[in-house]
Amino acid sequence: IRSVICVRSEQERTIQEVYNCVPFVLQSSSGGTKIEILDALAADILDLDTIADRYEPSALGVMDHVWGFFTGVRQRGLQSTEELLREGTILTGIGELTSTSTGGTTDGLKLQPPSDGTPFYLTTLPISSLIRRLDDQRRTYRSVFIAYL
């Protein structure tokens, strides 16, 4: 009697990642100061809204089933997700604030990743919740580090 043992597990592989980023401006509801964000994808924390999440199941043939039986990997489908920052979103930004000036007058302000390598955050969380989130991450990393010592 021949026995066949198959180990199956769920795997997720990224086939393609495409990023389209457009500079945008943060401004108060009263229309006062405007702060330009040039490179939002450089943020360590960037909260975006998922606007599309599509799953397309694969139509597998007989050979795909045979191949999946022997390798233990069978494609179930493709998932594509689209995220963006909606207009009117209240955003907390922590980074390096610089002013741009031409001819002695200030043209505007730019929020960018700090030049000294410290973290850059663009989040929908208020500052107190962001601090709590970072503190929780710090405690988790410390616990994992101590567990491996």
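Before any of the text, the structure's been laid out above.
Because the structure is predicted, anything quoted here is derived from the model rather than measured. (Residues numbered from 1 in each chain as written. Predicted model: local features only at pLDDT ≥ 70, side-chain atom pairs only at ≥ 80, totals over all residues. Heavy atoms only, no water.)

**Student:** Can you tell me about the overall build of the chain, naming the residues and giving the values?
**Tutor:** For the chain, the count of helices and strands is two helices and nine strands. Put simply, the chain runs from its N terminus to its C terminus through helices and strands in the order β-β-β-β-α-β-β-β-β-β-α. Taking all 149 residues of the chain together, the buried fraction comes to 12%. Considering only contacts in the chain between residues 6 or more positions apart, those separated by 24 or more positions represent 58%. Accessible area of the chain: about 12200 Å², with a carbon and sulfur share of 53%. (Helix = DSSP H or I, 4+ residues; strand = E, 2+ residues; numbered from the N terminus. Buried < 20%, exposed > 50% of the residue type's maximum accessible area, 1.4 Å probe, protein only. Contact = heavy atoms within 4.5 Å. Areas by Shrake-Rupley, 256 points an atom, 1.4 Å probe, with all protein chains shown as cover.)

**Student:** Any details on the nonpolar core? Residues and values, ideally.
**Tutor:** Among the nonpolar cores identified, the biggest contains seven residues, and these are I37, A40, A43, L91, L111, F120 and L122. In contact with A40, not counting residues within four places along its chain, are C21, F24, L46 and L122. (Core = buried A, V, L, I, M, F, W, Y, C linked by side-chain atoms within 4.5 Å.)

**Student:** Explain the environment of I90 to me, using residue names and the numbers behind them.
**Tutor:** Positionally, I90 belongs in the loop between β5 (77–84) and β6 (92–94). Given the relative accessible area of 72%, I90 is considered exposed. Along the chain, I90 and P126 lie 36 residues apart, while their C-alpha atoms are 9.0 Å from each other. In this structure I90 touches T123 and T124, once residues within four positions along its chain are discounted.

**Student:** An account of the side chain of T123 is requested, with residue identities and associated values reported.
**Tutor:** Positionally, T123 belongs in strand β9 (residues 121–123). The exposure class of T123 is buried, given its relative accessible area of 0%. Looking at T123, its side chain comes within polar contact range of the side chain of D47, at 2.3 Å. In this structure the side chain of T123 is engaged in a polar contact, spanning 3.1 Å, whose partner is the backbone nitrogen of L125. (Polar contact = N/O pair within 3.5 Å; in protein donor to acceptor, adjacent residues only side chain to side chain.)

**Student:** Can you explain the sheet that holds β6? Please cite residues and give values.
**Tutor:** Spatial ordering of the open sheet is given by β3-β9-β6, a layout of three strands whose pairing is mixed. Only two strands of the sheet have a single neighbouring strand rather than two, namely β3 (45–46) and β6. Seen against the sheet, helix α2 (residues 127–147) touches β3, β6 and β9 and runs at an angle of roughly 120° to β9. (Pairing = 2+ DSSP bridges. Axes fitted to C-alpha atoms, helices over the stretch in contact; angles between N-to-C directions.)

**Student:** Break down the environment of I35 for me, with residues and values.
**Tutor:** Relative to the helices and strands, I35 is located in strand β2 (residues 34–37). Classification of I35 by relative accessible area gives partly exposed; the value is 22%. Residues I35 and F24 lie eleven residues apart in sequence; the distance between their C-alpha atoms is 8.5 Å. In this view, I35 contacts F24, V25, L26, L97, L109, K110 and L111; residues no more than four positions away in its chain are not counted.

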